[in-house]
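Given next are the chains, with one letter for each unit.
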Amino acid sequence: MTFPSFSNDRALRIYLALAQYPIIRTRIRERMRRELYERGVVKPKAFEAEVRRKAVESQIREGLQNPFSEESGEIWETRLERIRSHLTDFYFAYNLRYELFENIVREVLAERVQQTEDILISFNAELAPQEMLFDQALVIENLPPKDYIRHEHRLHELIVVLIRRMISDQLAYINIAKEWFTIHDLIKIQKRKIGYGKIGGKAAGMLLAARILHEVAEEDIKNSINIPESYFLGADVMYAYMTYNDLMCWAEQKYKLIDQIRKDYPRIQKEFTKGEFPPDINDRLRNLLDEIGKKPLIVRSSSLLEDNFGTSFAGKYESVFCPNQGTPDENFKNLTRAIAQVYASGLNPDALLYRRSKGLQDYDERLAILIQVVEGEKYGNYYLPHAAGVAFSRNLFRWAPQIRREDGFIRLVWGLGTRAVDRVGQDYPRLIALSHPLLRPEASSKEILRYSQRYVDLIDLEANRFQTNPISEVLSPRYPIVRFLAYIDRGGYLTPIHSNIMQEDPKQLVLTFDGLIQRTPFADRMKRILNHLEKHYHRPVDVEFTVNITNSRKSQSDIQISLLQCRPQSQREDVQAHVPEKLPKEDIIFSTRRMVPQGFIENINYILFVPPDEYHALPTAAARSKIGRAIGQINAVFSEKRFICVGPGRWGTVNPDLGVHIGYGDIYNTLALIELAGKGIGLDPDPSFGTHFFQDLVESNIYPLAIYIDDKDVIFNQDFFYGTPNQLKELFPNMADLSKNLRLIEVESFRHGAHIDLVMDDEEGYAVAYLKSN
């Protein structure tokens, strides 16, 4: 609002009225419009019609082809309010005297002084501009205790509406968040938000977890918990980006056939990463980079459905590291390309099929973006945290009977946490049962060495890129916290690091994390953090985090924990499962005693079997990937069939040489994934518990099992798997050329009138699949 100059006292009074409280500005303009209407300057209907006409014209100037469908209701209401305010000022300035304006301001201010609650204007919070909600909430918070009690219910309403507008519209989340977030928390979020729309599920979970812990946790946890420096790109910016770059043609991608979705995706990735942001968003992103400086960044998806109750979308969308070590223009280009890359991942086949399988295909799944400073420290030319991982408040896979499920579980790595949540080749994280932190799945030093982490993900500051390096090339005896992370391999046995080891060969260092567990409060603190969050989420949770060791030179060091993510833990319903007594050996199809979950699958009619020898005989990775695509086609057709998959190495690995390369979209109809390992068969499967792939399996009620053929008490019925007729050619003639490498076994072809039941007994640590008459 603009007006002529006047005396300082009056100017100050009007400035305070207009600048301090948006509600007062609103009230002043309401009075101004009333004067315009009563004096016949403009009629109310004509005024509102002009507001809407000019609003549509402004949309068209901005390039919206269909103004009534390409803009969210929130943006449309904001646009109307701004144009309404502009026209009010315009008509008043050109038609009425300035003294009248001064009188209106004086009256509104006098009313405020006379009765505080008059500021609490009655309006529909669901429709009001956001700044009005913030302003009224602050007014209520600043009321004297007597007045505050009378208006507390209104404050609760405003907080709920703001959570729903800014963060998440998922009721399960709102029911928890409304008890914890204050208006000041929401103001902090708003100050770091760019563009319109919600900040999405990943950001929502992180912020809520931190708020809960800072409120209810013990002092040692409060003093050691933080979240990374974070910025939020609203979900509506994704549509603004697509509109600005003529990409809205891909908006209906989710309704296409799967083959077309897969075919289109490379083109989508290419077109999205070529795009540019509107100038106003560019300006905000450049300012963000100026504020952050040269700290490494990560660009993460935070979609509207992500990390939700029952649908985690774990690993469905991309996260992209930006080392941020170039020139300002280079850093800006890399940041905007990373955001576009994450946007494109919202249309990747795995994500779209996941939504389809969960009945969420028709939901408007926009992606907000979470931009965070990477937690870590500089070590030579590298940047990485001391440790990172994913923690679960319930341990679903126990490797010893004394392990308590309710105390939780951690999957831990050195460096960036990507290796803790992804299934990667030839590498293993440290698995920690928080009830017995030093009780390992491995029984000997040889096994500890075999199942240790061999590669580290980090940021190379000099090369300005994210990369994966062998541990021996990065970890050195000179690393300040090496004794917390590693043991020394003495050629058959492992010893802790107690003294100066400057002369040791880095290749002798083996990551065990025993020092971190024994010399810091890490395990106990993580267990208590998980317990607090589970209690107040009213369900088990999983948390992604980083760890920084402090006071490392002291006998008992401390830690700082950064929360990166918190969501409800994917769970299966408890199933009573007991192995039948005295099973005839000829009825057993396979059995195992390794990392057995609790569960029961009945009436299995088909087994999709990938013979290890034939799979590994395939000459190229492309030929092996073809097996994965064929399994995906069978999975789609077998939506009404009861089948399990059995194959060599790791299902879901990114490397086809280490196992069958499939994604969630290839196996979501199967009932179990059985991984075979042993001499001449393939790489030992690492326990997938804790990975994004595992989250998919749990949510879809798919059971993972590992069979080590060389174990003496294992049964694997070779006659069933290799002697039963292959139905692949008969049921899928287009796959006849894959008959050697892929066997589709119908149980009735092995024994007439029979099916397979699979019992997994966690208490006994035993799983068995056996024939049973129909």
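Residues numbered from 1 in each chain as written. Predicted model: local features only at pLDDT ≥ 70, side-chain atom pairs only at ≥ 80, totals over all residues. Heavy atoms only, no water.

Trainee: Could you clarify how one ought to interpret the pattern of salt bridges in this entry?
Mentor: Side chains bearing opposite charge may pair, as long as their charged atoms lie close to each other. Applying the stated criterion to the full structure yields 40 salt bridges. Two residues, Arg267 and Glu271, come together in a salt bridge whose shortest N-O distance is 2.8 Å. Pair noted here: Arg267 and Glu271 are both in helix H13 (residues 258-273), with a separation of 4 residues, about one helical turn. The exposure class of Arg267 is exposed, given its relative accessible area of 52%. We note a salt bridge from Asp762 to Arg405, for which the minimum N-O separation is 2.1 Å. With Asp762 in the loop between strand S26 (754-761) and strand S27 (766-773) and Arg405 in the loop between strand S9 (387-392) and strand S10 (409-413), the pair connects residues that are 357 residues apart, well separated along the chain. The partly exposed category is assigned to Arg405, whose relative accessible area is 29%. Where salt bridges share partners, they join Glu218, Asp220, Asp524, Arg525, Arg528 and Asp558 into one cluster. (Salt bridge = Lys/Arg side-chain N within 4 Å of Asp/Glu carboxyl O. Helix = DSSP H or I, 4+ residues; strand = E, 2+ residues; numbered from the N terminus. Buried < 20%, exposed > 50% of the residue type's maximum accessible area, 1.4 Å probe, protein only.)

Trainee: I keep staring at the packing of helix H10 (residues 201-216) against helix H22 (residues 522-537) and nothing clicks. Help me out?
Mentor: The relative placement of two packed helices is expressed as an angle between their axes plus a distance between the axes. Contact pair H10 / H22: the axes reach a minimum separation of 10 Å and the direction vectors enclose 105°. Considering the angle they form, H10 stands roughly perpendicular to H22. Across from Gly205, Leu208, Ala209, Ile212, Leu213 and Val216 in H10, the residues of H22 making contact are Ile529, His532, Leu533, His536 and Tyr537. A class-by-class count of the residues in the contact of H10 with H22 yields 8 nonpolar, 3 polar and no charged. (Axes fitted to C-alpha atoms, helices over the stretch in contact; angles between N-to-C directions. Parallel < 35°, antiparallel > 145°, perpendicular 65-115°, else oblique. Contact = heavy atoms within 4.5 Å. Nonpolar A, V, L, I, M, F, W, Y, C, P; charged D, E, K, R; others polar.)

Trainee: Would you mind showing me how to read unusual backbone geometry here?
Mentor: A negative phi angle is the norm for most residues apart from glycine, just as the trans form is the norm for most peptide bonds. If you check the backbone angles, Asn324 has positive phi at about 65° while not being a glycine. Summarising the element assignment, Asn324 is placed in the loop between strand S5 (319-322) and helix H15 (328-345). The phi dihedral of His538 is positive, around 65°, even though this residue is not glycine. When you line up the elements, His538 lands in the loop between H22 and strand S17 (541-550). You can call His538 exposed: its relative accessible area is 62%.

Trainee: So what exactly am I meant to see when it comes to helix H16 (residues 349-357) here?
Mentor: Residues separated by three or four positions in an α-helix point in the same direction, a consequence of the helix having 3.6 residues per turn. Taken residue by residue, H16 has Pro349, Ala351, Leu352, Leu353, Tyr354 and Arg355 as its buried positions. At the exit of H16 stands Gly359, carrying a positive phi of roughly 70°.

Trainee: Sorry, what's going on with the pairing of S27 here?
Mentor: The side chains of a regular strand alternate between both faces of the sheet. With respect to burial, S27 is a largely interior element, 6 of its 8 residues being buried. In terms of strand pairing, strand S19 (residues 588-592) meets S27 through 4 bridges, oriented antiparallel. Pairing of Phe590 across the sheet is with Ala769, part of S27. Looking at chain direction, S26 and S27 are connected through 8 bridges and run antiparallel. For Leu758, the partnering residue across the bridge sits in S27 and is Ala769. (Pairing = 2+ DSSP bridges.)

Trainee: Would you explain the sheet that holds strand S14 (residues 486-489) in this entry?
Mentor: Each strand in a sheet pairs with another by means of backbone hydrogen bonds, the pair being arranged parallel or else antiparallel. On the basis of which strands lie adjacent, the open sheet formed by 3 strands has the order S15-S14-S16 and antiparallel pairing. Every interior strand has two partners, whereas the edge strands, strand S15 (494-496) and strand S16 (509-511), have only one. On average, each strand axis in the sheet is tilted by 45° relative to the strand beside it, whichever way the strands run. Pairing between S14 and S15: 3 bridges, direction antiparallel. Counted as the bridge partner of Asp489 is Leu494 from S15.

Trainee: Help me understand the packing of H13 against H16 in this model?
Mentor: At a closest axis distance of 9 Å, the pairing of H13 and H16 adopts a crossing angle of 150°. Here H13 lies roughly antiparallel to H16, going by the angle between them. Only Pro349, Leu352, Leu353 and Arg356 of H16 make contact with H13, whose side of the interface consists of Ile258, Ile261, Arg262 and Tyr265.

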